[in-house]
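In case you want the letters, here they are:
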Amino acid sequence: MLVILGWLLALVIAACLALAAWPQALGLEQAPVVAQVVSMRVGVIGIALALAVVALCFVGWRRVRPFVLGVVSMLLVFALVSGGIHASRGLDDAQSLDRASDDLIVLTWNTLGDEPGAEEIARVVDETGADAVMLPETTLPLGVEVAELLGARGNPFWVHTTDYSPSYGALNTTLLISAALGEYTTDLSVGGTRTLPTVVARPDDGDGPVLVSAHPVAPVPQQMRNWRADLDFVAGLCDGSDSVVMAGDFNSTLDHWWSTRTDGGDLGTCRDAASAVGAGAVGSWPTWAPPWLGAQIDHVVATPDWEPVAARVLTGLDDVGTDHRPVLVQLRYRG
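Note that the structure is predicted; figures quoted are calculated from it, not measured.

How each quantity is defined
Residues numbered from 1 in each chain as written. Predicted model: local features only at pLDDT ≥ 70, side-chain atom pairs only at ≥ 80, totals over all residues. Heavy atoms only, no water. Buried < 20%, exposed > 50% of the residue type's maximum accessible area, 1.4 Å probe, protein only. Helix = DSSP H or I, 4+ residues; strand = E, 2+ residues; numbered from the N terminus. Pairing = 2+ DSSP bridges. Phe/Tyr/Trp six-rings, centres within 6.5 Å; stacked < 30°, edge-to-face > 60°. Contact = heavy atoms within 4.5 Å. Axes fitted to C-alpha atoms, helices over the stretch in contact; angles between N-to-C directions.

Peer 1: Mind showing me how you'd approach the pairing of strand E4 (residues 172–178) here?
Peer 2: Every other side chain in a regular strand lies on the same face of the sheet, so the side chains alternate between the two faces. Among the seven residues that make up E4, seven are buried, leaving the element largely enclosed by the rest of the structure. Where burial is concerned, the two faces of E4 agree: the one with Asn172, Thr174, Leu176 and Ser178 and the one with Thr173, Leu175 and Ile177 are both buried. Of the strand pairs in this sheet, strand E2 (residues 132–136) and E4 are connected by five bridges, and their pairing is antiparallel. Across the sheet, the residue bridging to Leu135 is Thr174, located in E4.

So this is what it looks like as structure tokens:
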């Protein structure tokens, strides 16, 4: 009887580990609990290795030794497989951007309700040479202040903000667009994400990509339905009908996008720029965790007419008040 129970328990453990490593196999990457587990691969790998060490403490007990060794083997295989998936997305956090004349530099930074302040945001925009700046949880007044600072330095920007409550920073999303890209108008007709706002801006003359500052809600238990709807919405913007460059706090990793993939893309037809150039496993959240441990939930994605050239998660700004790191990407238009 104990042998049968042991085999059953081993099968349950194996199934749970397989689900944690690759839930996409069963289409469960957006399911409650599974979505949270798969988002922090390195942390879960650490837990698995710790459990393996604890299990080895019982290996001297002859009656349970086969079961213990079996469980330890499964935990080690899980760690290797999940670690390999994670590493395959790239851990290069030191890429330099060597801009060509027509390249597009995109910066996204969730400011946690304006926390870094206008001076700091303007400094980062100036130093990175960003042309499009996606700022979830950033209010219109701060966006205008940043644009004024940049304009005074000879680098004018247009400001687009969508809010669900102007006074509450988390319910605001701002998009800054360099005047050199031409004039843009916010498109309210396409709808938006349900809980937190997303800005969709189209070029007035039709020359240039649709620019999107995105902010799907986090997959907390009470928001799972809205989270899935938000991911469907942003994926729908990458349906191949427009040239799109989208960035922001997606509150999701590449694993969560699996069911939205179309024509070789990661999110609809859009490709994740960081993973395309070998930086897709560098954590952008939270700032208290080292980049190798955190989750990359802040992304820049673009339709296939834009080729990712370089990407960096900016790790030197962890003490400016927000819990997200900026993500900087260089894109080259291929038509």
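From this point, things continue past the structure.
Peer 1: Just to check I follow, could you spell out the packing of aromatic side chains for this structure?
Peer 2: Remark: the centre distance and the inter-plane angle together describe each pair of aromatic rings, the angle taken between the planes. One pass over the full model with this rule turns up three aromatic pairs. An angle of 75 degrees between the planes, with centres 5.0 Å apart, marks the rings of Trp22 and Trp258 as edge-to-face. Placement of the pair is Trp22 in the loop between helix H1 (2–21) and helix H2 (34–39) and Trp258 in the loop between strand E8 (244–249) and strand E9 (271–272), with a sequence separation of 236 residues. Residue classification places Trp22 among the partly exposed positions, given a relative accessible area of 30%.

Peer 1: How should the sheet that holds strand E5 (residues 184–186) be read in this particular structure?
Peer 2: Strands in a sheet are paired, the pairing made by backbone hydrogen bonds, and the direction either parallel or antiparallel. The strand order E5-E6-E7-E8-E10-E9 describes an open sheet built from six strands, whose pairing is mixed. Two strands bound the open sheet, and with one partner strand each, they are E5 and E9. With two bridges joining them, E9 and strand E10 (residues 298–302) adopt antiparallel strand pairing. Opposite Asp272, over in E10, you have Val301 as the bridge partner. In the packing of helix H7 (residues 224–237) onto the sheet, contacts are made with strand E6 (199–203), strand E7 (210–214) and E8, and the angle to E8 comes to roughly 155 degrees.

Peer 1: Hey, could you run me through the environment of Leu317 in this one?
Peer 2: With respect to the secondary-structure elements, Leu317 resides in the loop between strand E11 (306–313) and strand E12 (327–333). In this structure, Leu317 is in contact with Trp109, Glu120, Arg123, Val124 and Pro326, ignoring residues within four places of it in sequence.

Peer 1: Looking at this model, I keep getting lost on unusual backbone geometry. Mind explaining?
Peer 2: Glycine aside, residues mostly have negative phi angles, and peptide bonds mostly take the trans form. Here Trp285 and Pro286 are connected by a cis peptide whose omega angle stands at -10 degrees. Position of Pro286 relative to the elements: it lies in the loop between helix H8 (273–276) and E10. In this structure, Glu137 takes a positive phi of about 60 degrees despite not being glycine. In this fold, Glu137 is placed in the loop between E2 and helix H6 (140–152). The phi dihedral of Asn251 falls on the positive side, at around 50 degrees, and the residue is not glycine. Tracing the chain through its elements places Asn251 in the loop between E8 and E9.

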